[in-house]
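Commentary on secondary and tertiary structure
Residue-level listing of the chains:
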Amino acid sequence: MSAEDLEKYETEMELTLYREYRDVVGIFKYVVETDRRFYLCNQVDVKARTESGDVFFEVSMTDAWVWDMYRPARFAKNVKVLTFKDVNVEELSPSEIDLPKE
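In this text, all values refer to a predicted model and were calculated from it rather than measured experimentally.

1. Digging into the overall build of the chain
Scanning the chain from N- to C-terminus turns up 2 helices and 5 strands. When the helices and strands of the chain are listed from N to C terminus, the series reads α-β-β-β-β-β-α. Relative to a compact globule of 102 residues, whose C-alpha radius of gyration would be 13 Å, the chain shows 16 Å and is clearly more extended. The buried share of the chain, taken over its 102 residues, is 28%. Pairs at least 24 residues apart make up 54% of the contacts formed inside the chain by residues separated by at least 6 positions. Here the chain displays about 7,200 Å² of accessible surface, and carbon together with sulfur accounts for 49% of that area. Once the 14 positive and 22 negative side-chain charges of the chain are each reduced to a mean point, those two points are 5 Å apart.

2. Considering the nonpolar core
Listed in full, the 11 residues of the largest apolar core are Tyr30, Val32, Tyr39, Cys41, Val59, Met61, Ala64, Val66, Ala76, Val79 and Val81. Among the elements that make up this core, the one with the highest residue count is strand E3 (residues 54-66) (4 residues). Excluding anything up to four places from it in sequence, cysteine 41 contacts Phe28, Lys29, Tyr30, Val32, Met61, Thr62, Asp63 and Ala64. Of all hydrophobic cores here, the second largest spans 10 residues; its members include Leu17, Phe28, Leu40 and Trp65.

3. Some thoughts on a nonpolar patch on the surface
A surface patch of nonpolar side chains, amounting to about 500 Å² of accessible area, comprises Met1, Leu6, Tyr9 and Tyr70. Summarising the element assignment, tyrosine 9 is placed in helix H1 (residues 3-24).

4. Focus: the pairing of strand E1 (residues 30-33)
Across 4 bridges, E1 lies against strand E2 (residues 38-51) in antiparallel orientation. Note that in E2 the partner of tyrosine 30 across the bridge is cysteine 41. Between E1 and E2, which follow one another and run antiparallel, lie 4 residues.

5. A few points about the confidence of the model for the chain
When pLDDT is averaged along the chain, the result is 90; 92% of the residues meet or exceed 70. The secondary structure element of the chain with the lowest average pLDDT is helix H2 (residues 94-97), at 58, and the one with the highest is E1, at 97.

6. Brief notes about the pattern of salt bridges
In total, this model carries 8 salt bridges according to the counting rule given. Across the pair arginine 37 and aspartate 68 runs a salt bridge, and its minimum N-O distance is 3.3 Å. Residue arginine 37 is found in the loop between E1 and E2, and its partner aspartate 68 is found in the loop between E3 and strand E4 (75-83); the two are separated by 31 residues along the sequence. You can call arginine 37 partly exposed: its relative accessible area is 27%. Note on aspartate 68: relative accessible area 15%, which makes it buried. Across the pair glutamate 58 and arginine 49 runs a salt bridge whose closest N-O atoms are separated by 2.9 Å. On the basis of relative accessible area, glutamate 58 is assigned to the buried category, the value being 14%. When its relative accessible area of 32% is taken as the criterion, arginine 49 is described as partly exposed. Each of Arg49, Glu58 and Lys80 takes part in a single network of salt bridges with overlapping partners.

So, how was this worked out
Residues numbered from 1 in each chain as written. Predicted model: local features only at pLDDT ≥ 70, side-chain atom pairs only at ≥ 80, totals over all residues. Heavy atoms only, no water. Helix = DSSP H or I, 4+ residues; strand = E, 2+ residues; numbered from the N terminus. Rg over C-alpha atoms; globule rule 2.2 N^0.38 Å. Buried < 20%, exposed > 50% of the residue type's maximum accessible area, 1.4 Å probe, protein only. Contact = heavy atoms within 4.5 Å. Areas by Shrake-Rupley, 256 points an atom, 1.4 Å probe, with all protein chains shown as cover. Lys, Arg positive; Asp, Glu negative; His and termini not counted. Charge placed at Lys NZ, Arg CZ, Asp CG, Glu CD. Core = buried A, V, L, I, M, F, W, Y, C linked by side-chain atoms within 4.5 Å. Patch = residues over 30% accessible without salt bridge, like charges linked within 9 Å, V, L, I, M, F, W, Y side chains within 5 Å. Salt bridge = Lys/Arg side-chain N within 4 Å of Asp/Glu carboxyl O. Pairing = 2+ DSSP bridges. pLDDT = per-residue confidence, 0-100.

Dropping the structure here:
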């Protein structure tokens, strides 16, 4: 596989992922961003934890969709993420959910 073929494949995968996102965003209530992933979910809980003086975050999500083009199944019933980096949680408003149709 040439570099050009690989780039074309990745571009097609990103477009497919965006289309899937556009189709499913309306069924979720929250957007969660971590240092490694982007999630949509219907329930989220973030807890700051301390261990040996280090602070980390435990993020628990229910009914989640994961933005990851290499993941064969993007829907997950329960997700738990542990991270030392920032976590951003936003509640989607109905106007953000209504994306324009192609």
